[in-house]
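Analysis of the macromolecular model
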Amino acid sequence: MNRSRFLAVTASVVLTLGPALTLPVVSAGSASAAASATPVSEASPVAAPAQLPRPTGPHAVGRSTLHLVDADRPDPWVPSAGARQLMVSMYYPARPGTGGPTAPYMTTEEARHLLELRAPDATIPPEALSGVRTWARTDARPAPARFPLVVLSPGFTLPRATLSGLAEDLASRGYVVALVDHPYENAGTTLPDGQTLPCAICDEFTSIGGSTVAESRAQDVSFVLDRLTGRHPAWRYAPVIDAKRIGMAGHSIGGNAAATTMAADARVRAGVNMDGTFFAPVPDTGLDGRPFMMFGAKGRPPLDTTWDETWADLDGWKRWLSLTGADHGSFTDVPLLADLAGIPDTAPLPYLRGQALTRAYVAAFFDLHLKGVAQPLLDGQSPANPEVTVRLP
């Protein structure tokens, strides 16, 4: 059984790459950028088998969960279900020592659905996945400041939990993070009443079309922004959000959705696509000069020509980062879950290294464009990070 069973192979190219790599130190290249790239040896010790890597920023992390209902929009995939419902995990810098126990990784039913869909031969109980230990404290009090907001969107068929490692790390570095589940597009989404919505379109991606999915997600995200930054926000800690500094990143189709959302919603100032095919293309006129970063497994072209096309159309600050030794899941928690499920790792790049590099470069991007902190890490090849190739305009 291959780890790619956890991935939406119809939604993006799964790559097989070169030999195993060592774990050199991640370095931002300057003191001002150090918070975006803390050395792996200091901040990312080898985690316990069922624990996310420790967040690398200076803040404690809190997490709240929101159930949002868009009464003006029927569910695009199951109209009989009524209004579009979304589950959103809110991660944020927190006051140390506040909040309840660490937040659950996912529900047991979400884990059961994920195993049934992506690892049907696994013999582990779903609790092995739902019991992954996190670092965020449930409903901790937020730190006394205003922070940029980053929206995260997961890959097709994957629950939002698979971006928890990145979400916790961004929050620890001084961001509010809205990690969005898109029901009926992933293995399972548990609602507050205990009902777990199954995937309705997991076998229909090709017939529906990736552009349709990306455009639907853009509507989801714009609604989430309305409910977080409007006059009557749905989140009780919403005053800590700086609504003038909003970014978005996503994995796979979620990365395509980051660009699609930017094209439709001017509130999103900067975006990152992590290894996602651009099924919905960036407009020929670009993204109104807003910055965008493409961060993918090395070898995407010539297998995926949409990255070349997008690169040509991006009209603002842009970077194209290629990660040697990665596969499609290396930017997420999927390698950890696959290991728990007994699925051999097919990517030469170890999970902890992939996670450390993803955290460092994504945070560096948002530190530059949402906080205005210089990031030499993004200006070219870093001797400390030979796995990452940086393409400049």
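Quantities reported herein were computed from a predicted structural model and do not represent experimental measurements.

**So, the overall build of the protein**
Within the protein, the regular secondary structure consists of eleven helices and twelve strands. Every one of the 393 residues in the protein was classed for burial, and the buried ones make up 60%. The contacts of the protein with a sequence gap of at least 6 include a subset with a gap of at least 24, amounting to 75%. Here the protein has roughly 13,900 Å² of accessible surface; of this, 54% comes from carbon and sulfur atoms.

**What to know about the packing of helix α6 (residues 210-229) against helix α7 (residues 253-264)**
At a minimum axis separation of 8 Å, α6 and α7 run at an interaxial angle of 65°. As for how α6 packs across α7, the hand of that crossing is right-handed. Contacts between α6 and α7 pair Gly-210, Val-213, Ala-214, Glu-215, Arg-217, Ala-218 and Val-221 from the former with Ile-253, Gly-254, Asn-256, Ala-257, Thr-260 and Thr-261 from the latter. Residue composition of the contact of α6 with α7, grouped by class: six nonpolar, five polar and two charged.

**Here's the deal with helix α9 (residues 306-313)**
All buried positions along α9 are accounted for by Thr-306, Trp-307, Thr-310 and Trp-311. All buried residues of α9 fall inside an arc of 135° around its axis, so they share one side. Residues of α9 that are buried in the fold lie against β9 (270-274), β10 (292-297), α8 (300-303), β11 (318-323) and β12 (388-391).

**Observations concerning the nonpolar core**
In this structure, Val-176, Leu-228, Trp-235 and Phe-292 are the most contacted members of the largest nonpolar core, which totals 41 residues. Ranked by size, the runner-up nonpolar core spans 38 residues in total, among them Val-150, Leu-170, Phe-295 and Leu-377.

**What about unusual backbone geometry?**
It is generally the case that most residues other than glycine have a negative phi and that most peptide bonds are trans. The phi torsion at Tyr-184 lies on the positive side, around 70°, for a residue other than glycine. Note that Tyr-184 resides in the loop between β5 (176-181) and β6 (188-190).

**Here's the deal with the sheet that holds strand β8 (residues 241-251)**
Strand-to-strand pairing in sheets goes through backbone hydrogen bonds, with the strands running parallel or antiparallel. In space, the ten strands of this open sheet follow the order β3-β1-β2-β5-β4-β8-β9-β10-β11-β12, with mixed pairing throughout. Strands at the two margins of the open sheet, each flanked by one partner only, are β3 (137-138) and β12. Looking at chain direction, strand β2 (residues 83-94) and β5 are connected through five bridges and run antiparallel. Its bridge partner lying in β5, Ser-89 is registered against Leu-179. In this fold helix α11 (residues 351-371) packs onto β4 (147-153), β8, β9, β10, β11 and β12, with an angle of close to 165° to the strand it touches most, β9.

**Section: the packing of helix α4 (residues 164-172) against α11**
Relative orientation of the contacting elements α4 and α11 amounts to 45°, with a least axis distance of 10 Å. Here α11 runs oblique to α4, going by the angle between their axes. Both α4 and α11 take part in a crossing whose hand is right-handed. Here Gly-165, Leu-166, Asp-169 and Leu-170 of α4 come into contact with α11, specifically with Gln-355, Thr-358, Arg-359, Val-362 and Ala-363. Partitioning the contact of α4 with α11 into residue classes produces four nonpolar, three polar and two charged.

**With respect to the packing of aromatic side chains**
Tallied over the entire structure, the rule returns 14 aromatic pairs. For the pair Phe-295 and Tyr-361, a centre-to-centre distance of 5.9 Å together with 55° between the ring planes defines the contact as tilted. Of this pair, Phe-295 sits in strand β10 while Tyr-361 sits in helix α11; the two residues are 66 residues apart in sequence, bridging distant segments of the chain. Neither residue differs from the other here; Phe-295 and Tyr-361 are each classed as buried. Ring centres of Trp-317 and Phe-365 lie 5.6 Å apart, and the angle between their planes is 50°; on these two criteria the pair is classed as tilted. Of this pair, Trp-317 sits in the loop between α9 and β11 while Phe-365 sits in helix α11; the two residues are 48 residues apart in sequence, bridging distant segments of the chain. Classification of Phe-365 by relative accessible area gives buried; the value is 0%. Members of the aromatic cluster, joined through ring pairs, are Phe-278, Phe-292, Trp-307, Trp-311 and Trp-320. Above the face of the Trp-311 ring, Lys-318 is positioned so that its terminal group lies 4.5 Å from the ring centre.

**As for the state of the cysteines**
In the structure shown here, the tally under the stated rule is one disulfide. Between the sulfur atoms of Cys-199 and its disulfide partner Cys-202 the distance amounts to 1.8 Å. Handedness of the Cys-199-Cys-202 disulfide follows from its S-S torsion of about 100°: it is right-handed.

**Side note on the side chain of His-113**
Tracing the backbone through its elements, the reader meets His-113 in helix α2 (residues 108-118). Reaching out from His-113, the side chain makes a polar contact with the backbone oxygen of Glu-109 at a distance of 2.8 Å. In this structure, His-113 is in contact with Ala-187, Gly-188, Thr-196 and Pro-198, ignoring residues within four places of it in sequence.

**A few points about the side chain of Gln-85**
Looking at the secondary structure, you find Gln-85 in strand β2. Of note is the side chain of Gln-85, whose polar atom sits 2.7 Å from the side chain of His-67. Dropping the residues within four chain positions of it, Gln-85 is found in contact with His-67, Leu-68, Val-69, Pro-183 and Leu-191.

**Points about the pairing of β5**
Of all six residues that make up β5, six are buried, and the element is covered over most of its length. Burial along β5 is two-sided: Val-176, Ala-178 and Val-180 and Val-177, Leu-179 and Asp-181, pointing in opposite directions, are all buried. Following the backbone out of β4, through α4 and into the adjacent parallel β5, one traces a crossover that is right-handed.

**Regarding the confidence of the model for the protein**
Keep in mind that low pLDDT regions are not for reading the predicted coordinates in detail. In this model, the protein carries a mean pLDDT of 89, and residues with pLDDT of at least 70 account for 88%. Low pLDDT (under 50) marks residues 8-49, which in the prediction has 118 contacts with non-local residues, meaning those over four places away or in another chain.

Cut-offs used in this document
Residues numbered from 1 in each chain as written. Predicted model: local features only at pLDDT ≥ 70, side-chain atom pairs only at ≥ 80, totals over all residues. Heavy atoms only, no water. Helix = DSSP H or I, 4+ residues; strand = E, 2+ residues; numbered from the N terminus. Buried < 20%, exposed > 50% of the residue type's maximum accessible area, 1.4 Å probe, protein only. Contact = heavy atoms within 4.5 Å. Areas by Shrake-Rupley, 256 points an atom, 1.4 Å probe, with all protein chains shown as cover. Axes fitted to C-alpha atoms, helices over the stretch in contact; angles between N-to-C directions. Left-handed = near helix turned anticlockwise from the far one by under 90°. Nonpolar A, V, L, I, M, F, W, Y, C, P; charged D, E, K, R; others polar. Arc of directions from axis to C-beta. Core = buried A, V, L, I, M, F, W, Y, C linked by side-chain atoms within 4.5 Å. Pairing = 2+ DSSP bridges. Parallel < 35°, antiparallel > 145°, perpendicular 65-115°, else oblique. Phe/Tyr/Trp six-rings, centres within 6.5 Å; stacked < 30°, edge-to-face > 60°. Lys NZ or Arg CZ within 6 Å of the ring centre and 35° of its normal. Disulfide = S-S within 2.5 Å. Polar contact = N/O pair within 3.5 Å; in protein donor to acceptor, adjacent residues only side chain to side chain. Right-handed = clockwise from strand over helix to strand, strands pointing away. pLDDT = per-residue confidence, 0-100.

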